[in-house]
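# Geometric and topological summary
Okay, here's what each chain looks like letter by letter:
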Amino acid sequence: MSALSELYREIALCQQCEIAKYRNKVVPGEGAEDADIMFIGEAPGWYEDQQGRPFVGPAGKYLDELLASVGLSREQVYIANVIKCRPQGNRDPLPTEIHNCRKWLERQIEIICPKMIVTLGRYSMAMFFPSKSISKIHGTAQKRDNVIYYAMYHPAAALHQQSLRRAIEDDMLKIPSLLARAETIKEEQQPQQLTMF
Ligand code: URA
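Note that this is a predicted model, so its numbers are computed, not measured. (Residues numbered from 1 in each chain as written. Predicted model: local features only at pLDDT ≥ 70, side-chain atom pairs only at ≥ 80, totals over all residues. Heavy atoms only, no water.)

## As for the layout of surface pockets
The calculated volume of the largest pocket comes to roughly 610 Å³. Surrounding the largest pocket, 26 residues form its lining, Glu42, Ala43, Ala59, His154 and Ala156 being those nearest its centre. The set of elements that each furnish at least two residues to the lining of the largest pocket consists of helix H2 (46-51), helix H3 (58-69), helix H5 (122-128) and helix H7 (155-160). It is H7 that contributes the most residues to the lining of the largest pocket, 4 residues altogether. For the lining of the largest pocket, a count of residues per class yields 14 nonpolar, 7 polar and 5 charged. (1 Å grid on protein atoms, 1.4 Å probe; cavity = no way out; pocket = protein on both sides within 12 Å on 5 of 7 lines; lining within 4 Å. Points joined across faces, edges and corners; volume = space filled by probe spheres on them. Helix = DSSP H or I, 4+ residues; strand = E, 2+ residues; numbered from the N terminus. Nonpolar A, V, L, I, M, F, W, Y, C, P; charged D, E, K, R; others polar.)

What follows is the structure, given as structure tokens:
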């Protein structure tokens with residue numbers, strides 16, 4: 001069994017949060033185990049909960065278009081969420097849920113070992129860029145311990161707001177060149193602590 005399949009098996013057994021009781025399917029994540037880029041969204045919505053796959057609803061269709069704009073397919077990247085169960089009514093994830101689910105995301109990052117982590121939306125950004133504002137840092141990269149961290153707006157937000165749509169599309173277009181020159185990007189001087197929920 002691959003490391004990811006083993007991890008998915010463990011995630012499927014997790015009942016740590018109340019929302020696990022109401023889920024239809026757990027949504028661990030999907031994509032290539034050797035992906036260079038990992039996209040991290042917020043939480044499964046209704047469509048994802050039905051299918052057990054991340055980003056398969058309208059926001060996911062838009063993410064597919066964004067990926068295609070830089071010649072990438074879902075199979076070439078890895079897509080995960082901060083939390084793996086759908087919060088009822090698509091409410092925002094609670095700090096305890098983010099805290100409980102954090103270990104799964106950390107294991108995913110360890111296994112995939114991506115060159116670049118792209119955060120989609122505020123909740124995902126907050127884990128890697130503590131106390132930053134998305135309107136200020138979207139489209140900018142930071143390199144820490146040889147990984148490029150890159151914040152983008154959430155595709156669902158961008159779908160409904162024209163100004164964010166322009167920003168997310170422009171930000172996506174910068175990804176290939178960031179990856180291509182990954183070696184030459186300077187490391188942050190002060191390694192930043194990850195936010196602890
Ligand atoms: N929004 C997310 O953040 N993740 C999904 O998987 C779907 C919608």
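Next comes the rest of the account.
## Thoughts on the packing of aromatic side chains
Within this structure, the stated rule accounts for 2 aromatic pairs. Relative to Tyr47, the ring of Trp46 has its centre 5.2 Å away and its plane inclined at 90°; by these criteria the two rings are edge-to-face. Residue classification places Trp46 among the partly exposed positions, given a relative accessible area of 44%. The residue whose ring lies beneath Arg144 is Phe129, and the NZ or CZ to ring-centre distance is 5.7 Å. The ring of Tyr149 has Arg144 sitting right over it, with the charged end atom 4.4 Å from the ring centre. (Phe/Tyr/Trp six-rings, centres within 6.5 Å; stacked < 30°, edge-to-face > 60°. Buried < 20%, exposed > 50% of the residue type's maximum accessible area, 1.4 Å probe, protein only. Lys NZ or Arg CZ within 6 Å of the ring centre and 35° of its normal.)

## Focus on the pattern of salt bridges
The tally for this structure, following the rule as stated, stands at 11 salt bridges. As a salt-bridge pair, Glu6 and Arg9 come within 3.1 Å of each other at their nearest N and O atoms. Of this pair, Glu6 and Arg9 both sit in helix H1 (residues 3-13), 3 residues apart, roughly one helical turn. Notably, a salt bridge pairs Asp171 with Lys174, separated by 3.9 Å at the nearest N-O pair. With a relative accessible area of 37%, Lys174 lands in the partly exposed category. One salt-bridge network, held together by shared partners, links Glu30, Arg53, Asp64 and Arg74. (Salt bridge = Lys/Arg side-chain N within 4 Å of Asp/Glu carboxyl O.)

## Description of the nonpolar core
Counting residues in each nonpolar core, the largest one holds 60 residues, and the members touching the most others are Phe39, Met116, Val118, Phe128, Met152, Met172 and Ile175. Considering every element that reaches this core, the biggest residue donor is strand S6 (residues 147-152), with 6 residues. Once residues lying within four places of it in the same chain are set aside, the contact partners of Val118 are Ile37, Met38, Phe39, Ile40, Tyr150, Met152 and Ile175. (Core = buried A, V, L, I, M, F, W, Y, C linked by side-chain atoms within 4.5 Å. Contact = heavy atoms within 4.5 Å.)

## With respect to the packing of H1 against helix H4 (residues 95-112)
Contact geometry for H1 and H4: axes closest at 10 Å, N-to-C directions at 175°. What the angle tells us is that H1 and H4 run roughly antiparallel. Contacts between H1 and H4 involve Ala3, Leu4, Leu7, Tyr8, Glu10 and Ile11 from the first element and Trp104, Arg107, Gln108, Ile111 and Ile112 from the second. A breakdown of the residues in the contact of H1 with H4 according to their chemical character gives 8 nonpolar, 1 polar and 2 charged. (Axes fitted to C-alpha atoms, helices over the stretch in contact; angles between N-to-C directions. Parallel < 35°, antiparallel > 145°, perpendicular 65-115°, else oblique.)

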